[in-house]
Structure formats: structure tokens, C-alpha cells
Amino acid sequence: GFVAGDLAEAVSFVKAAAESDVYEAMVVLGLCYQRGIQVAPNLTEALRLFGSAAAAGSADAAFYAGSLLLENNLPEAAVRMLAPAAAANHTEAMASYALLLANGVGVSVDHAAAVSYARKAAERGHLNSMLVLVQMLSNGIGTERDPLEAQHWAERAAELGSQSAAIYGGGELHPKSRYGT
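Not measured: the values here are computed from a predicted model. The numbering scheme is per chain: residues are counted from 1 as the chain's sequence reads. Side-chain atom pairs in this predicted model are given and counted only at pLDDT of 80 or more, local residue features only at pLDDT of at least 70, and totals for whole chains, interfaces and linings cover all residues. Note that water and hydrogens are dropped before the side-chain values are worked out from all heavy atoms of the structure.

### Some thoughts on the overall build of the protein chain
Part 1 of the reasoning: Within the protein chain, the regular secondary structure consists of nine helices and zero strands.
Part 2 of the reasoning: Secondary structure elements are defined from DSSP: runs of H or I of at least 4 residues count as helices, runs of E of at least 2 residues count as strands, and each element is numbered from the N terminus. When the helices and strands of the protein chain are listed from N to C terminus, the series reads α-α-α-α-α-α-α-α-α.
Part 3 of the reasoning: Taken across its 181 residues, the protein chain has 44% of its residues classed as buried.
Part 4 of the reasoning: When checking whether two residues touch, look at their non-hydrogen atoms; a contact exists if any pair is within 4.5 Å. Taking all contacts inside the protein chain whose residues are at least 6 apart in sequence as the whole, residues at least 24 apart take part in 48%.
Part 5 of the reasoning: Here the protein chain displays about 9100 Å² of accessible surface, and carbon together with sulfur accounts for 52% of that area. The rule is simple: take the accessible area with a 1.4 Å probe, protein chains only, and divide by the maximum for that residue type; under 20% is buried, over 50% is exposed, in between is partly exposed. Accessibility throughout is a Shrake-Rupley quantity obtained with a 1.4 Å probe, and a residue counts as covered only by protein chains that appear here.

Here it is as C-alpha cells:
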């Protein structure tokens, strides 16, 4: 079973690995600092660790950094992290970046690129990206209007449990917020 002391020991091990430039450990330790797991919450340290791991090629780290920057209302900095992660086919990064492109947050509006990234994330099973595609395809935003493909994505989203998929299609590009979180 799980023992509380095991978590403290695990975090100590992860700290040592992160100090040895193991980027996977930097990501885990960054999450610990972000969430206050066995360390005092420290967003600056979390971003430093995510940034170092992203520079070493971790798309996960770039996604976590971008998400944290968005949460702290720094969309331009978030785009600098999310765009390369999206280009590396990180599903969550593609979904987030698609919404930023669609809404012109931290980057110029580019509906065609938003459709492309949303489609790639949807193809990987990302529910919110499916809903974005339903709206963009239904309304011809960034692509030709395609009610049949929109219906396909609405059905896929419904299969994944979306209550709004069948009636989705108007208003904002995402039912929760302009960032899709």
C-alpha cells in the first residue's frame, strides 16, 4: 500500500534526478512545485523547471509551462511554449494552441491553422477539439463549411460523453472559456 513517507522519498529522488538534468524528472518536479506536492508551491520554480525540460526537447514540459502561463494571464509567453509542443504533435498542446489561434489570444487569428491543430487533436481523441471542429466546420470558419464532417465529430464527441455535442454550434469556440480550460 501507499505510505505517506514514500511520497517524500520519491520527491527527494526526483529532485536529485532533476539536479542531474534528467528532463523527465524536471517535469515531475515542476508539477510538484506547481501543485505544492511535498514542496512549498512555487510557480517561478515550476516554470524554470518546465522551461529547462522544454529546452531539452520535452513537449510535455512545454505544454505544462504554456498552461501555467495561460493560467497567469501571460498568453504571448504561453504561445512561445505551446506552439513548438503543438508542432511536435503533443495532443493537449495542439488543442490549446488551436483555441489560441481561433481566438487571437497571444497570437494573430489564424482560423485555418486552428482547424488543422483542432483536427489533429480530435483525431487523437481530444473531446474539446472535437467540439471546436463541430463549430468551425458547421460555420465554415477557417475551412469550407462541411456539415457532414461536423456531424461526424459531434457523434464522436457524444460517444465520449459530451452532453453538448448534439446541439453545439453557436457562440464561443468553447463552452467553458476562451482558452478551453
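### Some remarks on helix α8 (residues 127-139)
What sets the pattern is the α-helix's 3.6 residues per turn: residues three or four places apart point alike.
Part 1 of the reasoning: By definition here, a helix of n residues has an expected span of 1.5 Å times n minus one. Spanning 13 residues, α8 covers 19 Å between terminal C-alpha atoms, matching the ideal 18 Å at 1.5 Å per step.
Part 2 of the reasoning: Buried within α8 are the following residues: S129, M130, L131, V132, L133, V134, Q135, M136 and L137.
Part 3 of the reasoning: Where the residues of α8 are buried, they touch α6 (91-103), α7 (111-123) and α9 (147-159).
Part 4 of the reasoning: Positive phi appears at G140, one or two residues downstream of α8, with a value of about 65°.

### Brief notes about the confidence of the model for the protein chain
The predicted structure's coordinates, where accompanied by low pLDDT, should not be read in detail.
Part 1 of the reasoning: Within a predicted model, pLDDT stands for the predictor's per-residue confidence, ranging from 0 to 100. Summary statistics for the protein chain give a mean pLDDT of 89 and a share of 88% for residues scoring 70 or more.
Part 2 of the reasoning: Note on residues 169-181: pLDDT under 50 across the span, and 30 contacts to partners over four residues away in sequence or across chains.

### A word on the packing of aromatic side chains
Part 1 of the reasoning: Between 30 and 60 degrees the pair is tilted, below 30 it is stacked and above 60 it is edge-to-face, where a pair is any two Phe, Tyr or Trp rings, Trp via its six-membered ring, whose centres lie within 6.5 Å. The final tally for this structure, using the stated rule, is three aromatic pairs.
Part 2 of the reasoning: A ring pair is formed by Y97 and Y117, whose centres lie 5.2 Å apart and whose planes are at 70°; its orientation type is edge-to-face. Residue Y97 is located in helix α6, and its partner Y117 is located in helix α7; the two are separated by 20 residues in the primary sequence.
Part 3 of the reasoning: Accessibility expressed as a relative area gives 11% for Y97, which makes it buried.
Part 4 of the reasoning: What links up through ring pairs into an aromatic cluster is the set F50, F63 and Y64.
Part 5 of the reasoning: Comment: the charge-over-ring label is applied if NZ (Lys) or CZ (Arg) is within 6 Å of the ring centre and within 35 degrees of the ring normal. Over the face of the ring belonging to Y117 we find K120, whose NZ or CZ atom lies 5.5 Å from the ring centre.

### Re unusual backbone geometry
For residues other than glycine, phi is negative in most cases, and the peptide bonds are mostly trans.
Part 1 of the reasoning: Look at Q38: it is not a glycine, yet its phi comes out positive at around 65°.
Part 2 of the reasoning: Secondary-structure assignment places Q38 in the loop between α2 (23-35) and α3 (43-55).
Part 3 of the reasoning: You can call Q38 partly exposed: its relative accessible area is 45%.
Part 4 of the reasoning: Located in the positive-phi region is N89, a residue other than glycine, with phi close to 65°.

### Regarding the environment of E24
Part 1 of the reasoning: Its location among the elements puts E24 in helix α2.
Part 2 of the reasoning: Judged by relative accessible area, E24 falls into the partly exposed class, the value being 45%.
Part 3 of the reasoning: On a C-alpha basis, the gap between E24 and V14 in space is 9.0 Å, while along the polypeptide they are 10 residues apart.

### Thoughts on the pattern of salt bridges
Part 1 of the reasoning: Just to be clear on terms, a salt bridge is a Lys or Arg side-chain nitrogen sitting within 4 Å of an Asp or Glu carboxyl oxygen. Taken as a whole, this structure holds two salt bridges when the rule is applied.
Part 2 of the reasoning: Taking the shortest distance from any N to any O, the salt bridge between R48 and E45 comes out at 2.7 Å. Residue R48 and its partner E45 are located together in helix α3, separated by three residues, close to a single helical turn.
Part 3 of the reasoning: Here R48 falls in the partly exposed class, since its relative accessible area comes to 46%.
Part 4 of the reasoning: For E45, a relative accessible area of 19% translates into the label buried.
Part 5 of the reasoning: In this structure, R119 and E149 form a salt bridge, with 3.1 Å as the shortest nitrogen-oxygen distance. Placement of the pair is R119 in helix α7 and E149 in helix α9, with a sequence separation of 30 residues.

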